[in-house]
Amino acid sequence: SSFARMFVQVCLYFYCKCLWRCLKFVVRKLTGRCELQRICYNTKPGAARTMKIEASLKGSKSKRLQTSVSVHPDAIEKTIDDIMELKRINPDINPQLGISLQACLLQIVGYRNLIAEVEKLRREPYDSENPQHEEMLLKLWKCLKPDSPLKARISKQWCEIGFQGDDPKTDFRGMGLLGLYNLAYFAEWDTEIAQQVLSDSLQPKYSQLSKAEWEKKKFDKAIGYSFAIVGINITDLAYNLLVSGALKTHFYNVAPEAPTLTHFQQTFCYLMHEFHKFWIEEDPLDIMEFNRVREKFHKRILKQLQNPEMALCPHFAASESLINM
């Protein structure tokens, strides 16, 4: 029975595939436009258009079209010419089509390249012998604690910004340099928010005060988590959203061309800020609830990103750098 079921599924697959190809052929004959033309002319620019173009190219029976989503950025113009020739589209009669396809391919290829760049950073371990790594780590401290000089490179002071021990390099093992890159970017470009989140995170649950005294002092709800460790954890969340393709919706809506590492780091800033607010809303008893809250937050972001109109529009200082680029 399992063989029969599998046989039926295979037959259905090929039937649907043939039916789909026949339908595309009929629509082309009726409209005089191929699928790529119909997508570009009927769908506004952004994630909806780019994702449809990506699916169309990947699902094409032509190998040239299938491989067009993974070409080098420098080869995109030549690839567009090849597509137009293959589809017998006159570029003089359809000048806008080439422009639209180029914008989509830049985003598609750029997203693939961004995954590779982020993966490279994730795989590179923190090296305390590397002066650039050390400089970035010390910069993180200066941005977060400008009024408290670091007394020594190996110091218990690192716990003040949420590292677990007296040498932060051990905490970067899971996400490699990517964790440091994100934390340093957050601290440098969104300094005010980063310092506020750090300050909140250091507040224990009502501390030694009674609840009434705590509220009288008008403190925010107590947070009680390790800022740097949570930052590395949220880096992992952002990385998984990127690799799974979930962030395509956001990046295809906010990056007019190829999404860059800056876009990814700004997304991290947004996620840190939003997670901080979410943690306060959830009001967990203690840090032992972190995984539950993180998973719930992850599901909320995933649900938002299912909307093709969605852009995780961050309202923070870091977003200004993109406007000025």
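Residues numbered from 1 in each chain as written. Predicted model: local features only at pLDDT ≥ 70, side-chain atom pairs only at ≥ 80, totals over all residues. Heavy atoms only, no water.

As recorded in an unreviewed UniProt entry, the chain goes by ELMD1 protein and comes from Pterocles burchelli.

Visitor: Can you explain the overall build of the chain? Please cite residues and give values.
Guide: Across its full length, the chain holds 15 helices and zero strands. Per-residue burial for the chain yields a buried fraction of 44% across its 325 residues. Sequence-distant contacts, at least 24 apart, represent 65% of the contacts inside the chain between residues at least 6 apart. For the chain, the accessible surface area stands at approximately 18,200 Å², while carbon and sulfur atoms represent 56% of it. (Helix = DSSP H or I, 4+ residues; strand = E, 2+ residues; numbered from the N terminus. Buried < 20%, exposed > 50% of the residue type's maximum accessible area, 1.4 Å probe, protein only. Contact = heavy atoms within 4.5 Å. Areas by Shrake-Rupley, 256 points an atom, 1.4 Å probe, with all protein chains shown as cover.)

Visitor: Break down unusual backbone geometry for me, with residues and values.
Guide: Positioned with a positive phi, arginine 88 is a non-glycine residue whose angle comes to about 55°. Here arginine 88 lies in the loop between α5 (76-86) and α6 (95-123). For arginine 88, a relative accessible area of 76% translates into the label exposed. Its identity as a non-glycine residue notwithstanding, aspartate 283 has a phi of 45°, on the positive side. Relative to the assigned elements, aspartate 283 resides in the loop between α13 (261-282) and α14 (290-305). Given a relative accessible area of 34%, aspartate 283 falls into the partly exposed group.

Visitor: Give me the lowdown on the environment of cysteine 143, citing residues and values where you can.
Guide: Mapping cysteine 143 onto the fold places it in helix α7 (residues 131-144). Residue cysteine 143 is classed as buried on the basis of its relative accessible area, which comes to 17%. Residues cysteine 143 and glutamine 195 lie 52 residues apart in sequence; the distance between their C-alpha atoms is 8.2 Å. For cysteine 143, the contacting residues outside a window of four places in its chain are Ala187, Glu188, Thr191 and Gln195.

Visitor: Now, about the side chain of glutamine 157: what can you tell me, with residues and values included?
Guide: Position of glutamine 157 among the secondary structure elements: in the loop between α7 and α8 (176-189). Polar side-chain contacts of glutamine 157 include one of 2.7 Å to the backbone nitrogen of lysine 151. In contact with glutamine 157, not counting residues within four places along its chain, are Trp141, Pro149, Leu150, Lys151 and Ala152. (Polar contact = N/O pair within 3.5 Å; in protein donor to acceptor, adjacent residues only side chain to side chain.)

Visitor: An account of the environment of leucine 106 is needed here, citing residue identities and associated values.
Guide: Looking at where leucine 106 falls in the secondary structure, it is placed in helix α6. Separated by 35 residues in sequence, leucine 106 and valine 71 place their C-alpha atoms 9.8 Å apart. The residues contacting leucine 106, other than those within four sequence positions of it, are Ile76, Glu257 and Ala258.

Visitor: How would you explain the packing of aromatic side chains if you had to name every residue and give the values?
Guide: Under the criterion given, the structure shown has 15 aromatic pairs. Between tyrosine 185 and tryptophan 189, the ring centres sit 6.1 Å apart and the planes meet at 35°, which makes this aromatic pair tilted. Here tyrosine 185 and its partner tryptophan 189 are both found in helix α8, four residues apart, which amounts to about one turn of the helix. By relative accessible area, tyrosine 185 is classed as buried at 8%. You can call tryptophan 189 partly exposed: its relative accessible area is 40%. Taken together, a centroid distance of 6.0 Å and an interplanar angle of 40° make the contact between phenylalanine 275 and tryptophan 279 tilted. Here phenylalanine 275 pairs with tryptophan 279, and both are found in helix α13, just four residues apart, close to one helical turn. Ring pairing ties together the aromatic residues Tyr225, Phe275, Phe278, Trp279, Phe290 and Phe297, which thus form one cluster. The ring of tyrosine 111 carries the charged tip of lysine 248 above its face, separated from the ring centre by 5.7 Å. (Phe/Tyr/Trp six-rings, centres within 6.5 Å; stacked < 30°, edge-to-face > 60°. Lys NZ or Arg CZ within 6 Å of the ring centre and 35° of its normal.)

Visitor: Could you give an account of the nonpolar core, naming the residues involved and the relevant values?
Guide: Core analysis: the biggest nonpolar cluster contains 78 residues, and Ile53, Leu101, Leu140, Phe264 and Leu271 have the highest contact counts within it. Residue contributions to this core reach at least three from each of two domains, namely domain 1 (33-113) and domain 2 (124-306). Excluding residues that lie within four positions of it along the chain, leucine 140 makes contacts with Ile161, Phe163, Leu180, Leu183, Ala184 and Ala187. (Core = buried A, V, L, I, M, F, W, Y, C linked by side-chain atoms within 4.5 Å. Domains from an automatic or database assignment.)

Visitor: Let's hear about the packing of α8 against helix α11 (residues 227-244): which residues, and what values?
Guide: It is at 9 Å that the axes of α8 and α11 come closest, and there the two elements cross at 110°. By the criterion of interaxial angle, the relationship of α8 to α11 is roughly perpendicular. At the point where α8 passes α11, the crossing takes the right-handed sense. Only Phe227, Ala228, Gly231, Ile232, Thr235 and Tyr239 of α11 make contact with α8, whose side of the interface consists of Leu178, Gly179, Asn182, Leu183 and Phe186. Split into classes, the residues belonging to the contact of α8 with α11 amount to seven nonpolar, four polar and no charged. (Axes fitted to C-alpha atoms, helices over the stretch in contact; angles between N-to-C directions. Parallel < 35°, antiparallel > 145°, perpendicular 65-115°, else oblique. Left-handed = near helix turned anticlockwise from the far one by under 90°. Nonpolar A, V, L, I, M, F, W, Y, C, P; charged D, E, K, R; others polar.)

Visitor: So, α13: which residues are in play, and what are the values?
Guide: Three or four residues apart is the spacing at which side chains of an α-helix point the same way, because the helix has 3.6 residues per turn. Relative to the 32 Å expected for 22 residues at 1.5 Å per residue, α13 spans 31 Å between its end C-alpha atoms, a close match to the ideal helical length. In terms of residue burial, α13 counts as a mostly covered element, since 18 of its 22 residues are buried. Looking one or two residues past α13, aspartate 283 carries a phi angle of roughly 45°, positive in sign. (Expected span 1.5 Å × (residues − 1).)

Visitor: Give a description of a nonpolar patch on the surface that names residues and reports values.
Guide: Residues Phe3, Met6, Phe7, Val8, Val10 and Leu12 make up a contiguous nonpolar surface patch of roughly 610 Å² in combined accessible area. Judged by its relative accessible area of 61%, phenylalanine 3 falls in the exposed class. (Patch = residues over 30% accessible without salt bridge, like charges linked within 9 Å, V, L, I, M, F, W, Y side chains within 5 Å. Salt bridge = Lys/Arg side-chain N within 4 Å of Asp/Glu carboxyl O.)

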